[in-house]
Amino acid sequence: MPAPPHDALFKAAFSPPAKAAAYLRTRLQPELAALVDWDAFVLEPGSFVGPDLEQRHSDLLFSAPLLLHEPRPALFYFLLEHQSSSDPSMPLRVLVYMTRIWQRVHKDNPHEPLPPIIPLVVSHAPGGWSAPTRFESLFDPALSSIAALAPLRPDFEFLLDDLQGFDDDEIRRRVDDAFARAAMWPLRDARDFEALLRRLPAWADALAAAHAAPSGREALHRLLRYLSAIADQVQFEDFCAKLVQLAPAAEESTMSYAEQLLAEGRAEGRAEGRAEGRAEGRAEGHADGARTLLRRQLELKFGALDSDASARLEAATSEQLQAWAERVLTAATL
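Worth saying up front: this structure is predicted, and the values here are computed from it rather than measured.

Ranked by size, the top nonpolar core spans 60 residues in total, and within it Phe 14, Tyr 23, Trp 38, Phe 41, Phe 76, Phe 78 and Phe 239 carry the most contacts. A per-element tally of this core places helix 6 (residues 178–189) first, with 7 residues. Excluding its chain neighbours within four sequence positions, the residues that come into contact with Phe 41 are Pro 17, Ala 20, Ala 21, Leu 24, Phe 62, Ser 63, Ala 64 and Phe 76. Residues Val 49, Ile 117, Trp 129 and Phe 135 belong to the second largest nonpolar core, which totals 20 residues.

The next point concerns the packing of aromatic side chains. Under the counting rule described, the total for this entry stands at 12 aromatic pairs. Centre to centre, the rings of Phe 14 and Tyr 23 are 5.4 Å apart; their planes meet at 50°, and the pair counts as tilted. Grouped by ring-pair contacts, the aromatic residues Trp 38, Phe 41, Phe 62 and Phe 76 constitute a single cluster. Sitting above the plane of the Phe 139 ring, Arg 153 keeps its charged end 4.9 Å from the centroid. Here the guanidinium or amino end of Arg 172 rests over the ring plane of Trp 203, the centre of that ring lying 4.6 Å away.

Attention now goes to a negative patch on the surface. There is a patch of like negative charges on the surface, built from Asp 192, Glu 194, Asp 232, Glu 237 and Asp 238. Summarising the element assignment, Glu 237 is placed in helix 10 (residues 233–246).

What follows is about the confidence of the model for the protein. Looking at the protein as a whole, the pLDDT averages 82, with 85% of positions reaching at least 70. Looking across the protein, the model is least confident in helix 11 (residues 251–302), with a mean pLDDT of 65, and most confident in helix 3 (residues 30–33), with 92. Under a pLDDT of 50 for its full length, residues 277–283 has, in the predicted model, 0 contacts with residues more than four places off or in other chains.

For His 211, the position within the fold is in helix 8 (residues 200–212). If we skip the residues at most four places from it in the chain, His 211 touches Gly 216, Arg 217, Leu 220, Ala 249, Ala 250 and Ser 253.

Now for a nonpolar patch on the surface. A grouping of Leu 143, Ile 146, Leu 149 and Leu 152 is seen on the molecular surface, where their side chains present a nonpolar patch of about 340 Å² in accessible area. Residue placement: Leu 149 occurs in the loop between strand 4 (117–123) and strand 5 (159–162). For Leu 149, a relative accessible area of 31% puts it in the partly exposed group.

Right, let's get into the pattern of salt bridges. This model, assessed by the stated rule, comprises 17 salt bridges. Where Glu 170 meets Arg 174, a salt bridge forms, and the shortest distance between an N and an O atom there is 2.6 Å. Residue Glu 170 and its partner Arg 174 are located together in helix 5 (residues 168–174), separated by 4 residues, close to a single helical turn. Taking relative accessible area as the criterion, Glu 170 reaches 16% and is therefore assigned buried. Residue classification places Arg 174 among the buried residues on the basis of a relative accessible area of 18%.

Secondary-structure assignment places Phe 48 in the loop between strand 1 (42–44) and strand 2 (57–66). On the accessibility criterion, Phe 48 (7% relative accessible area) is buried. For the pair Phe 48 and Arg 100, spaced 52 residues apart in sequence, the C-alpha to C-alpha distance is 6.6 Å. Not counting residues up to four positions away in its chain, the partners in contact with Phe 48 are Asp 59, Leu 61, Tyr 77, Tyr 97, Arg 100, Ile 101 and Arg 104.

A word on helix 1 (residues 6–14). An α-helix turns once per 3.6 residues; consequently, residues spaced three or four apart project the same way. Burial analysis of helix 1 places 7 of its 9 residues in the buried class, the great majority of the element. Buried within helix 1 we find His 6, Asp 7, Leu 9, Phe 10, Ala 12, Ala 13 and Phe 14.

Attention now moves to the side chain of Ser 15. Residue position: Ser 15 is located in the loop between helix 1 and helix 2 (17–25). A polar contact of 2.6 Å, which involves the side chain of Ser 15, links it to the backbone oxygen of Lys 11. Dropping the residues within four chain positions of it, Ser 15 is found in contact with Phe 10, Leu 43, Leu 60 and Phe 62.

The side chains of a regular strand alternate between the sheet's two faces. Among the 7 residues of strand 4, 7 are classified as buried, and the element is accordingly described as predominantly covered. Covered by surrounding structure in strand 4 are Ile 117, Pro 119, Val 121 and Ser 123 together with Ile 118, Leu 120 and Val 122, the residues of both alternating faces.

Close contact between helix 9 (residues 216–230) and helix 10 brings their axes to 9 Å; oriented N to C, the two are set at 145°. Judged by the sense of rotation from one axis to the other, the crossing of helix 9 with helix 10 is right-handed. Along its contact with helix 9, which presents Leu 220, Leu 224, Leu 227 and Ser 228, the element helix 10 presents Phe 236, Phe 239, Cys 240 and Leu 243. A breakdown of the residues in the contact of helix 9 with helix 10 according to their chemical character gives 7 nonpolar, 1 polar and no charged.

Scoring rules and cut-offs
Residues numbered from 1 in each chain as written. Predicted model: local features only at pLDDT ≥ 70, side-chain atom pairs only at ≥ 80, totals over all residues. Heavy atoms only, no water. Core = buried A, V, L, I, M, F, W, Y, C linked by side-chain atoms within 4.5 Å. Buried < 20%, exposed > 50% of the residue type's maximum accessible area, 1.4 Å probe, protein only. Helix = DSSP H or I, 4+ residues; strand = E, 2+ residues; numbered from the N terminus. Contact = heavy atoms within 4.5 Å. Phe/Tyr/Trp six-rings, centres within 6.5 Å; stacked < 30°, edge-to-face > 60°. Lys NZ or Arg CZ within 6 Å of the ring centre and 35° of its normal. Patch = residues over 30% accessible without salt bridge, like charges linked within 9 Å, V, L, I, M, F, W, Y side chains within 5 Å. Areas by Shrake-Rupley, 256 points an atom, 1.4 Å probe, with all protein chains shown as cover. Salt bridge = Lys/Arg side-chain N within 4 Å of Asp/Glu carboxyl O. Lys, Arg positive; Asp, Glu negative; His and termini not counted. Charge placed at Lys NZ, Arg CZ, Asp CG, Glu CD. pLDDT = per-residue confidence, 0-100. Polar contact = N/O pair within 3.5 Å; in protein donor to acceptor, adjacent residues only side chain to side chain. Axes fitted to C-alpha atoms, helices over the stretch in contact; angles between N-to-C directions. Left-handed = near helix turned anticlockwise from the far one by under 90°. Nonpolar A, V, L, I, M, F, W, Y, C, P; charged D, E, K, R; others polar.

Structure follows, in structure tokens:
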């Protein structure tokens, strides 16, 4: 599973358009929800989170027509925020992502009006979301009293679902799909696995329902893979044993997949150990060669190195060796 593992579970739960539509429908004001052709809800390709932030965010983009006199397209941007704390710059980040979406739309349809984008951020930051959701909050408050500035700056607000603020009943109310509902619970509690384990009895019925649904075996396996990625081996084994007690119908799927995951983990550990050993050997050999060459260059230019300089050279990192090898070409002194 890619790191962080939240992405895979989030996208598995909400990539199907019907599941995303059912969830998003509950988040819009009724007059707006009534205008959306939910039956025509489709997943759009591509991610708009850059590689610099892909460890903290994952995103999904959907489109659907608005049921006006002449149907018009609208876009629904669904962003999962999973960093260690709520992000004060999130309104700016959301604006950047929306701009990227509009740029792609305009490139594909340069003569068409831009569609509205409805952004929703789903957060499971520990302690709950405490940062602004409105773009205007990023400006100096002293400027808000200047009426002439108001039309010259953008302003919008993104919808926010703070999973840390959702109790079990709230998750059940918001999410109808069995798998998506079962996925929201560990996303909320992922950073406290002991608490997640304590709450398992309250969620065993949801996990059993997800397992009983069409493609339920695959759904349960996705959940188990996620849990195995956020827990240590003992915690994961405890979870599986407790789940089997609470949801006997899922016993075969749970235990067979748990055994498979543990076997994969052992095999990956052996393979990673061998690969790391080879990589470390290559890296050490490269660094030793660079250190020898740099010593020769320094001695040719500045004479024999004293003990302090030799000690610094021997303790240098690969990055330092590279920087010094470049600087020795123009340096006037050691």
